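# A look at the structure
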Amino acid sequence: MNEDKALYPPVDPVSAGFKGRCPRCGTGRLFNGYIATAKGCGNCRLDYAFIDVGDGPVPFVIMIVGFIVVGLALWIDITLSPPLWLHFLIWMPLAIFLSLFALRWVKGILI
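The rules behind these values
- Residues numbered from 1 in each chain as written.
- Predicted model: local features only at pLDDT ≥ 70, side-chain atom pairs only at ≥ 80, totals over all residues.
- Heavy atoms only, no water.
- Helix = DSSP H or I, 4+ residues; strand = E, 2+ residues; numbered from the N terminus.
- Rg over C-alpha atoms; globule rule 2.2 N^0.38 Å.
- Buried < 20%, exposed > 50% of the residue type's maximum accessible area, 1.4 Å probe, protein only.
- Contact = heavy atoms within 4.5 Å.
- Lys, Arg positive; Asp, Glu negative; His and termini not counted.
- Charge placed at Lys NZ, Arg CZ, Asp CG, Glu CD.
- Phe/Tyr/Trp six-rings, centres within 6.5 Å; stacked < 30°, edge-to-face > 60°.
- Expected span 1.5 Å × (residues − 1).
- Salt bridge = Lys/Arg side-chain N within 4 Å of Asp/Glu carboxyl O.
- Axes fitted to C-alpha atoms, helices over the stretch in contact; angles between N-to-C directions.
- Parallel < 35°, antiparallel > 145°, perpendicular 65-115°, else oblique.
- Left-handed = near helix turned anticlockwise from the far one by under 90°.
- Patch = residues over 30% accessible without salt bridge, like charges linked within 9 Å, V, L, I, M, F, W, Y side chains within 5 Å.
- Areas by Shrake-Rupley, 256 points an atom, 1.4 Å probe, with all protein chains shown as cover.
- Bend = angle between axes of the 7 residues up to and from the residue.

### What about the overall build of the chain?
Along the backbone of the chain there are 3 helices and 0 strands. Counting from the amino terminus, the chain carries its helices and strands in the arrangement α-α-α. Its C-alpha atoms give the chain a radius of gyration of 19 Å, clearly above 13 Å, the size a compact globule of 111 residues would have. Principal-axis analysis of the C-alpha atoms places the extent of the chain at approximately 65 × 30 × 20 Å. Looking at the 111 residues of the chain, the share that counts as buried comes to 26%. Counting only contacts in the chain whose residues sit at least 6 apart along the sequence, the fraction spanning at least 24 positions is 44%. A gap of 11 Å separates the mean positions of the 9 positive and 7 negative side-chain charges of the chain.

Here it is as structure tokens:
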């Protein structure tokens, strides 16, 4: 009675999301492009129409990147005291880069 009749082996959801793979089979692509969700899995034919994370990944990325960038900026300001324009020149591109880098991972994990 407790037999598992699943056709696909169990997939670790965090590692599948981190790699951008199908949540059911773990091998098909989850994204079509950078952060656009694909129509379905090319391997197991799972339809991704049920997936709608909306703006869910954005607050997580803001909190993680904000913690990193603000912590580093405060540490650099206390130890080296660079001018304000240098802070802006360093931390704004870093925050944008880290946000774009982390957004795909967080979206995949939430899916």
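Still more ground to cover, so stick around.
### Let's talk about the packing of aromatic side chains
Describing an aromatic ring pair means giving the distance of the ring centres and the angle of the ring planes. For the structure on display, the rule yields 3 aromatic pairs. An angle of 15° between the planes, with centres 5.9 Å apart, marks the rings of Phe97 and Phe101 as stacked. Here Phe97 and its partner Phe101 are both found in helix 3 (residues 84-110), 4 residues apart, which amounts to about one turn of the helix. In this structure Phe101 comes out as partly exposed when scored by relative accessible area, which is 41%. Members of the aromatic cluster, joined through ring pairs, are Phe18, Phe97, Phe101 and Trp105.

### Quick notes on helix 2 (residues 57-80)
Structural remark: α-helix, 3.6 residues per turn; residues separated by three or four positions point the same way. For helix 2, with 24 residues, the first-to-last C-alpha span of 34 Å sits near the 34 Å given by 1.5 Å per residue. The positive-phi residue at the C-terminal boundary of helix 2 is Ser81, with phi of around 50°.

### Some points on the side chain of Lys107
Structurally, the position occupied by Lys107 is in helix 3. Asp52 provides the closest opposite charge to the buried, salt-bridge-free Lys107, at an N-O distance of 7.8 Å.

### Quick look at the packing of helix 2 against helix 3
Running from N to C, helix 2 and helix 3 point in directions that differ by 150°, and their axes come no closer than 8 Å. Judged by the angle between their axes, helix 2 and helix 3 are roughly antiparallel. Considering the relative orientation of helix 2 and helix 3, their crossing is right-handed. Counted together, Pro57, Val58, Phe60, Val61, Val65, Ile68, Val69, Leu72, Ala73, Ile76 and Asp77 of helix 2 and His87, Trp91, Leu94, Ala95, Leu98, Ser99, Ala102, Leu103, Val106, Lys107 and Leu110 of helix 3 form the full contact between these two elements.

### Side note on a nonpolar patch on the surface
Residues Phe60, Ile64, Phe67, Ile68, Leu72, Trp75 and Leu110 make up a contiguous nonpolar surface patch of roughly 730 Å² in combined accessible area. Tallying contributions element by element places helix 2 first for the nonpolar patch, with 6 residues. Structurally, the position occupied by Phe60 is in helix 2.

### Overview of helix 3
The end-to-end C-alpha separation of helix 3 is 37 Å, in line with the 39 Å expected for 27 residues at 1.5 Å each. Of all the bends in helix 3, the greatest, near 30°, is centred on Ala102. Among all positions of helix 3, only His87, Trp91, Ala95, Ala102, Leu103, Val106, Lys107 and Gly108 are buried. Those residues of helix 3 hidden inside the fold are in contact with helix 1 (13-19) and helix 2.

Keep in mind these numbers describe shape, not what the thing actually does.
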